[in-house]
Amino acid sequence: MRQTVLIVEDEQRLADLHRDYLRKDGIETCWLDNGAIVVNWVREHAPDLILLDLMLPGKDGLEICKEIRKFSHVPIIMVTARVEEIDRLLGLDLGADDYICKPFSPREVVARVKAVLRRSTHPSVKRDRRLYIDKEYYHASLNGKKLDLTAVEFQLITILSARPGQIFSRDQLMDRIYTDKRIVCDRTIDSHIKKLRKKIAAGSPDLALIHSVYGVGYKYEEA
Ligand code: CA
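None of these values were measured; they are calculated from a predicted model. (Residues numbered from 1 in each chain as written. Predicted model: local features only at pLDDT ≥ 70, side-chain atom pairs only at ≥ 80, totals over all residues. Heavy atoms only, no water.)

## Section: the overall build of the protein chain
Along its length, the protein chain carries eight helices and eleven strands. The dimensions of the protein chain, computed from C-alpha atoms along their principal axes, are 70 × 30 × 30 Å. Residue burial in the protein chain is summarised as follows: out of 223 residues, 43% are buried. Taking the intrachain contacts of the protein chain between residues at least 6 apart in sequence as the baseline, contacts between residues at least 24 apart amount to 54%. If you average the places of the 37 positive and of the 34 negative side-chain charges in the protein chain, the two averages end up 4 Å apart. (Helix = DSSP H or I, 4+ residues; strand = E, 2+ residues; numbered from the N terminus. Buried < 20%, exposed > 50% of the residue type's maximum accessible area, 1.4 Å probe, protein only. Contact = heavy atoms within 4.5 Å. Lys, Arg positive; Asp, Glu negative; His and termini not counted. Charge placed at Lys NZ, Arg CZ, Asp CG, Glu CD.)

Here you go:
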């Protein structure tokens, strides 16, 4: 399966350089030279990776990256003209997967593109994507950001996310969490869910993961 890299670059010479080297490695490319049309293009064509220049006519790379992250986790490699800019961009937490500084070596670009593609297509090394749960260390992170959860919240998200789409009643959730058969009322689960959702929303406001099913219970779905 050939992968497609979208090159967003207003200097044709640089875009050609990216294209030639990526093609040699069997990677298809598309090229856009104006920032204003990128977001819609990505929505329609869903490329496998985006090489995104920071300074662009129409709309800058920073804004484009932010807008794309609202609906897509497509890998993005930002290309900047100054190395100091990378620090600033990292601080902004844009959700880009890597950064390359101009002048770049085309070979290095290809290597980085392939590394990011590998990460994003190989599930076991998928990182910074959506929800990640490490049961051994009681660690959960969402889009690369650690979720600071209580033991009950951690169990809730682990149980629900193990079966996306499956509806769990409050009783089922309580049975799994309170194995000592303590008497807890329904509302306990509701309040834990409420707090859990708040923590998820704090890091990823556009991501709803835990859905209420009216009169029944809850389910996990990445929507
Ligand atoms: Ca530029």
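## Concerning the sheet that holds strand E6 (residues 131-134)
Spatial ordering of the open sheet is given by E6-E7-E8, a layout of three strands whose pairing is antiparallel. Strand pairing shows two members of the sheet lacking a second neighbour, E6 and strand E8 (145-147), which therefore form its edges. Put simply, the sheet's adjacent strands are angled 30° from each other on average, direction ignored. Of the pairings in the sheet, the one linking E6 to strand E7 (residues 139-142) comprises four bridges and is antiparallel in character. Among the inter-strand pairings, Ile 133 is bridged to a residue of E7, identified as Ala 140. Lying over the sheet, helix H6 (residues 151-162) contacts E6 and E7, oriented at roughly 115° with respect to E6. (Pairing = 2+ DSSP bridges. Axes fitted to C-alpha atoms, helices over the stretch in contact; angles between N-to-C directions.)

## Things to note about the packing of aromatic side chains
Considering all chains together, one arrives at zero aromatic pairs under this definition. Lys 24 extends its terminal NZ or CZ atom over the ring of Tyr 21, reaching a point 4.2 Å from the ring centre. Here Arg 43 stacks its cationic end above the ring of Phe 71, 4.1 Å away from the centre of that ring. (Phe/Tyr/Trp six-rings, centres within 6.5 Å; stacked < 30°, edge-to-face > 60°. Lys NZ or Arg CZ within 6 Å of the ring centre and 35° of its normal.)

## Quick word on the nonpolar core
Core analysis: the biggest nonpolar cluster contains 25 residues, and Leu 156, Leu 160, Leu 173, Ile 189 and Ile 210 have the highest contact counts within it. Those elements giving two or more residues to this core turn out to be E7, H6, helix H7 (170-177), helix H8 (186-203) and strand E11 (217-220). Take this core: its biggest share by element is six residues, from H6. Filtering out sequence-adjacent residues up to four positions away, Leu 156 remains in contact with Leu 173, Ile 177, Ile 189, His 192, Ile 193 and Leu 196. With 23 residues, the next largest nonpolar core counts Val 38, Leu 62, Met 78 and Ile 86 among its residues. (Core = buried A, V, L, I, M, F, W, Y, C linked by side-chain atoms within 4.5 Å.)

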